Amino acid sequence: MSDLFGDVIGHSKVLQLLDSELANPGQAYLFTGPQSVGKECVAIRFAAGLLGGEADDRARRLALSRSHPDLTILEPEGATSLG
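Residues numbered from 1 in each chain as written. Predicted model: local features only at pLDDT ≥ 70, side-chain atom pairs only at ≥ 80, totals over all residues. Heavy atoms only, no water.

On to the overall build of the protein. Of the regular secondary structure elements, the protein holds three helices and zero strands. Along the protein, helices (α) and strands (β) appear in the sequence α-α-α when read from the amino end. Taken along the three principal axes of its C-alpha coordinates, the protein extends 40 × 30 × 25 Å. With 83 residues in all, the protein has 23% of them scored as buried. A separation threshold of at least 6 residues defines the contact pool for the protein, and within that pool the share at least 24 residues apart is 39%. With the model as given, the accessible surface of the protein reaches about 6300 Å², and the carbon-plus-sulfur share is 52%. Of note, the protein has its 7 positive side-chain charges centred 4 Å away from the centre of its 11 negative side-chain charges. (Helix = DSSP H or I, 4+ residues; strand = E, 2+ residues; numbered from the N terminus. Buried < 20%, exposed > 50% of the residue type's maximum accessible area, 1.4 Å probe, protein only. Contact = heavy atoms within 4.5 Å. Areas by Shrake-Rupley, 256 points an atom, 1.4 Å probe, with all protein chains shown as cover. Lys, Arg positive; Asp, Glu negative; His and termini not counted. Charge placed at Lys NZ, Arg CZ, Asp CG, Glu CD.)

Listed below in C-alpha cells is the structure:
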C-alpha cells in the first residue's frame, strides 16, 4: 500500500481498494459512513494520490493542504442528509 494511507488506522480493505484505484481511477467516488470515522481524511489523501505522484511531489503536498488549484471540496450547507 502507498504511503498516503500509512498512518490511517482501520479500514484496511477500503484503503487497499483506494490504493489500487490510483493506477486506474474511476470517474467519481462517494465517501459515506457514520460521523467521525475519517472519511474526509481518507478522501483528501486519495485526492492527493490522484493529483500528485511521489511523496515529495508539489502537487501532492498542495492537495494534502487543500490548496491544489484542481481540487474542489464540496461541503453541504444546512441539512446534511439526503431525502
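Next comes the rest of the account.
Glancing now at unusual backbone geometry. You will see that Ser 36, though not glycine, has its phi angle at about 60 degrees, which is positive. Within the element layout of this structure, Ser 36 appears in the loop between helix H1 (12-21) and helix H2 (39-51). You can call Ser 36 exposed: its relative accessible area is 77%. A positive phi angle is found at Arg 66, which is not glycine, with a value near 65 degrees. Mapped onto the elements of the fold, Arg 66 is located in the segment after helix H3 (58-64).

Another point: the layout of surface pockets. Taken as a whole, the second largest pocket encloses approximately 220 Å³ of empty space. Taken together, 13 residues form the lining of the second largest pocket, with Val 14, Phe 31, Thr 32, Lys 39 and Val 42 sitting closest to its centre. Only H1 and H2 provide two or more residues apiece to the lining of the second largest pocket. Residues belonging to the lining of the second largest pocket are distributed by class as follows: eight nonpolar, four polar and one charged. (1 Å grid on protein atoms, 1.4 Å probe; cavity = no way out; pocket = protein on both sides within 12 Å on 5 of 7 lines; lining within 4 Å. Points joined across faces, edges and corners; volume = space filled by probe spheres on them. Nonpolar A, V, L, I, M, F, W, Y, C, P; charged D, E, K, R; others polar.)

It is worth spelling out the confidence of the model for the protein at this point. Put simply, the protein has an average pLDDT of 87, and 93% of its residues get 70 or more. The secondary structure element of the protein with the lowest average pLDDT is H3, at 92, and the one with the highest is H1, at 94. (pLDDT = per-residue confidence, 0-100.)

The full count for this structure, using the stated rule, is three salt bridges. Note that Arg 45 is salt-bridged to Asp 7, the shortest N-O span being 2.4 Å. On the criterion of sequence distance, the pair formed by Arg 45 in helix H2 and Asp 7 in the segment before H1 is long-range, its members being 38 residues apart. On the basis of relative accessible area, Arg 45 is assigned to the buried category, the value being 18%. The closest approach of N and O atoms between Arg 66 and Glu 40, which form a salt bridge, is 3.2 Å. Of this pair, Arg 66 sits in the segment after H3 while Glu 40 is found in helix H2, placing the two residues 26 residues apart along the sequence. Assessed through its relative accessible area of 42%, Arg 66 is described here as partly exposed. Judged by relative accessible area, Glu 40 falls into the partly exposed class, the value being 47%. (Salt bridge = Lys/Arg side-chain N within 4 Å of Asp/Glu carboxyl O.)

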